[in-house]
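Residues per chain are reported as follows:
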Amino acid sequence: MSFFKPLKCLLSVFFVFWGPITQAQQDKPTTGGNVQKQSSNPAEVFLSPPLSASPGVLWMWMGSNLSKTGITKDLEALKKEGFNSTTMFSLADATTPWAGEIKKSPTPEIISWTEPWWKMVRHAAEESKRLGMDFGMFNGPGYESSGGPWITPENSMQEICWSTDTVTGGVSDHIKLARPKVNPRGHTPYPVYNEETGLVEIPKIAARSTYYKDIAVLALPVSGIVPADKVIDLTSKMQPDGQLNWEVPAGKWIIYRFGHTTTGTLIQPAQWKATGLECDKMSREAVTFHIDHVVGEIKKHLGDLIGTGFKSVHFDSYEAGYPTWTPKMSQEFAARRGYEITKYLPTFAGRIIGTDRRDSSLFVNDFNVTVKDLYRDVYFAIIAKKLREANLIFLCEPYGGPWRQDEVMPYVERVMTEFWTFGGRYSPYELQPTVAALRKSGQNIIEAEAFTSDPHDSKWDETPEWLKPMGDAAFCDGVNRMVIHRFVQQPWDDKYKPGLTMGEWGTHFDRTQTWWEPGKAMIKYWQRCQALLQWGTIALPSANDFLVSQSTGNIVVKHIHRKQKLVDVYFVANVSRNAGKAVCSFNVMDMQPELWAPLTGTIRDLPNFKANGVNTEIPLDFDKAQSFFIVFRKKAVTNTAAYKENFLPRKEALAINGPWEVKFDKQWGGPAKPVTFKTLQDWTQQPEKGIKYFSGTAVYKKTFDAPLNNSTDSLYLDLGVVKHLARVILNNKDLGVLWTAPWSVKLPANLLKPKENTLVIEVTNVWANRLIGDEQEPADTEWLPGHREGHFLKEFPDWFLNNQSRPSKGRYCFTTWNYFDKNSPLISSGLLGPVTITSE
């Protein structure tokens, strides 16, 4: 969840591998804990995906706004939708993107990691057990990184600091060295809402002025390169009060008093009362204290549910910054690098120690290697050991921090990576190296925090069609279990929609989404894909594994190849938003290609293919963002249908023209009675406000005659343009949901009648239009500006708190983040057609 890249450390340099394998490395686990027992039959897992193929969600609990009723509704909705796991984060009321507070909460007593909050967590664990779902949570308040109010300055992340005094030879003693001073504001990467000042700021941390420990006192000539043996160690000559007794040699000298203090780095973005310091990741004592506290609280409140209702503890991608010290750094450095660190400390102050600059550069490299060693041998090793002993799964996004990723990942039982939706384009963050390291360690399940979005891309206008090619691209990069970012705990009555948000962040996967119910079709698609992408093993790459030629339409075709014995499974995806054709070449010979369609769950042979001596070439047609599995599992027979197309052209058999009856939901501002559209039209172009600004599901209904050969199974109903999802019901038979191209559904033989066919199409759009429509009305809530885009709720209004009718009668939505004003552009919506019946 790396919302911003970590700050660079003072000594930012290139890191290299150093040294032999340590005992801690020898003790680490060598494989992940996600090995699954597989069916040997890929069709079995494709048609009936196992639970391991179900996606999960990152479940955001926003501040004190929680309820047991809402938790139960959330989990039941997720289970029904096709999800099977939740990882909970306890955040501030709003993320602006910083930690923000919404005043006048209905339940102010609920503070993260306090008893009222733990009652909610226990309820979630009990309900997860009842529903057979996996439930875990982040290792403290917020999502960064590992700490909380229980972390004292001594156990917090540390930075080296120093003061200087310039002296001249001839001065004998009584030199008073000042204690180093640091900026009282800590190194928290991002601002937080400071309840004490009422400001969003990097807070002052009192301990940065009160907590300090000396490391060494050193004297150097004022300027120039100084050999290490010429650095004078005066540590033993300084009294606790800073008094130094030293007879200064001839010349001009700088005396450095080196010490360390807390970096003042706070976890974030948490409620202010739940905010605390980050623990020292390089200190065995500090890491042990933190994880013992976390595990102790879990055992205290959930002990009887561990392994059933509660299973994992999560550590997110790292954004806590780069420390420069830990209390035992001197001992650790000497043991690992074979020389003392003390005389090289002036390097931190910009001095060059050694015979030339290369010596200082080598020290800087050695120091950073030591930091990486300690993160591996202390932070990851202790967390892994403690969680394993507690029967808890170590879940982690192990990137972004000062470590060697391939060395720390084997400690992690379940590794996650992530991808974003920047500009509507698939944007992996540290995904490829994470996948490569996972494969190296032999892990099969590769989870990804999926579809993380900022407000430029995600403002209640996301659709499954928009998301699909980005998810497919992640599949091609090796992801085989998506964990959706994000699903917000909705604590209130269902009349308050879209409801609570994660501040400005998306994507908006919530049970309050307009398309939550029809969106099940997308989840089923993911389940089928993930089932096959977890099956078998990844095929070793080769130059001829998959080739694309003769492509048209500016399509972009990606793939991934899995294999088990003599069965090859290729996932092939057009990750562009264009339609086109391509000849795809597969590194398989003498086998019959089959097309398995994860969108529909159908399997068929492909008749048109040829061998070129190395590969099998297959011409494939791709609609916009369309994907297939091409499976080779049986021997090819003589190709007697060489001229038969893999994708038969379709021609229009019947145009379904004329008026449609359309019923809108009046609960969300739609007309009270059905309306008639003489032709299919965009809702946003209608003069009636209840249609123009409508968000939700409208039901289209039409009766038509079909003087066709209805006994054939080669007829399709084509909806043309749909904004944004459509459930099709023909003659009382539910034909499913269309949510992406191709916007057509195959008609079962004999379903059509010559006369009086009844067609019902339930069309669902996005929330944006209703929210913009509300902005045309007088305000009845107060907003504060977000710190990048949009506004967040200043306080819960009295009419909401007292369950009264809202003062602004023309408003229908209630949410805690507002992306829009009255001039925001509307999103094209509705069934635009043309609706036709086509035949092959």
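The preceding data block contains the structure.
Predicted, not measured: the structure shown is a model, and the values here were computed from it.

**Student:** Quick rundown of the environment of glutamate 407? Include the residues and the values.
**Tutor:** Here glutamate 407 lies in helix H9 (residues 405-408). Through-space distance from the C-alpha of glutamate 407 to that of aspartate 377 is 9.7 Å; in sequence the pair is 30 residues apart.

**Student:** Before we move on, can you summarise the packing of helix H3 (residues 68-81) against helix H4 (residues 115-131) with the specific residues and values?
**Tutor:** It is at 10 Å that the axes of H3 and H4 come closest, and there the two elements cross at 30 degrees. Comparing their axes, H4 and H3 come out roughly parallel. Like other packed secondary-structure pairs, H3 and H4 cross with a definite hand, here right-handed. Across from Lys68, Ile71, Thr72, Leu75, Glu76 and Lys79 in H3, the residues of H4 making contact are Lys119, Met120, His123, Ala124, Glu127, Ser128, Arg130 and Leu131. Looking at side-chain class alone, the contact of H3 with H4 contains five nonpolar, three polar and six charged residues.

**Student:** Run through the packing of aromatic side chains, naming residues and quoting values.
**Tutor:** One pass over the structure, following the stated rule, counts 71 aromatic pairs. Plain terms: the ring middles of tyrosine 318 and tryptophan 403 are 5.3 Å apart, the flat faces sit at 75 degrees to each other, and that makes the pair edge-to-face. With a gap of 85 residues between them, tyrosine 318 in the loop between strand S16 (312-315) and helix H7 (329-337) and tryptophan 403 in the loop between strand S17 (393-396) and H9 connect regions that are remote in the sequence. The buried category is assigned to tryptophan 403, whose relative accessible area is 7%. The interplanar angle of 20 degrees and the centroid separation of 5.6 Å between the aromatic rings of phenylalanine 451 and tryptophan 526 together place this pair among those described as stacked. Here phenylalanine 451 is found in strand S20 (residues 447-452), whereas its partner tryptophan 526 is found in helix H12 (residues 520-534), with 75 residues between them in sequence. Residue class for tryptophan 526 comes out buried when judged on its relative accessible area of 2%. Put simply, the rings of Trp59, Trp61, Trp113, Trp117, Trp118, Phe135, Trp150 and Phe310 touch in pairs and so form one group of aromatic residues.

**Student:** So what's going on with the side chain of threonine 616? Which residues, and what values?
**Tutor:** Among the structural elements, threonine 616 can be located in strand S31 (residues 616-622). Polar contacts involving the side chain of threonine 616 include one to the main-chain carbonyl oxygen of valine 588, which spans 2.5 Å.

**Student:** Report on the pairing of strand S18 (residues 414-420), specifying residues and quantitative values.
**Tutor:** S18 sits mainly inside the fold: seven of its seven residues count as buried. Taken together, the two bridges between S17 and S18 define a ladder with parallel strand orientation. Residue pairing for S18: cysteine 396 is matched across the bridge by valine 415. Pairing geometry for S18 and S20, over four bridges, is parallel.

**Student:** Account for unusual backbone geometry, with residues named and values stated.
**Tutor:** Looking along the chain, the bond that leaves threonine 96 and enters proline 97 is cis, with omega of 15 degrees. By secondary structure assignment, the location of proline 97 is in the loop between strand S3 (94-95) and strand S4 (99-100). Backbone torsion omega between alanine 741 and proline 742 reads -5 degrees, so that peptide bond is classified as cis. A positive phi angle, near 60 degrees, is found at tryptophan 460, a position not held by glycine. Looking at where tryptophan 460 falls in the secondary structure, it is placed in the loop between S20 and helix H11 (464-476). Its identity as a non-glycine residue notwithstanding, asparagine 731 has a phi of 50 degrees, on the positive side. In this fold, asparagine 731 is placed in the loop between strand S39 (725-730) and strand S40 (733-738). Judged by its relative accessible area of 18%, asparagine 731 is buried.

**Student:** I'd like a description of the sheet that holds strand S41 (residues 744-746), backed by residues and values.
**Tutor:** Strand order in the open sheet made by the four strands is S33-S48-S37-S41, with antiparallel pairing throughout. With one partner strand each, in any of the chains shown, strand S33 (651-655) and S41 form the two edges of the open sheet. Recorded for the sheet is a direction-independent mean angle of 30 degrees between the axes of neighbouring strands. Relative to S41, strand S37 (residues 715-718) runs antiparallel, the two sharing three bridges. Bridge pairing in S41 links aspartate 718 to serine 744.

**Student:** Explain the packing of H4 against helix H6 (residues 284-302) to me, using residue names and the numbers behind them.
**Tutor:** At a closest axis distance of 10 Å, the pairing of H4 and H6 adopts a crossing angle of 65 degrees. With respect to each other, H4 and H6 are oriented roughly perpendicular. Remark: the crossing between H4 and H6 carries right-handed chirality. Contact residues: Glu115, Trp118, Val121, Arg122 and Ala125 in H4; Glu297, Ile298, Lys300, His301 and Leu302 in H6. Here the residues of the contact of H4 with H6 sort into five nonpolar, one polar and four charged.

Reading guide: rules and limits
Residues numbered from 1 in each chain as written. Predicted model: local features only at pLDDT ≥ 70, side-chain atom pairs only at ≥ 80, totals over all residues. Heavy atoms only, no water. Helix = DSSP H or I, 4+ residues; strand = E, 2+ residues; numbered from the N terminus. Axes fitted to C-alpha atoms, helices over the stretch in contact; angles between N-to-C directions. Parallel < 35°, antiparallel > 145°, perpendicular 65-115°, else oblique. Left-handed = near helix turned anticlockwise from the far one by under 90°. Contact = heavy atoms within 4.5 Å. Nonpolar A, V, L, I, M, F, W, Y, C, P; charged D, E, K, R; others polar. Phe/Tyr/Trp six-rings, centres within 6.5 Å; stacked < 30°, edge-to-face > 60°. Buried < 20%, exposed > 50% of the residue type's maximum accessible area, 1.4 Å probe, protein only. Polar contact = N/O pair within 3.5 Å; in protein donor to acceptor, adjacent residues only side chain to side chain. Pairing = 2+ DSSP bridges.

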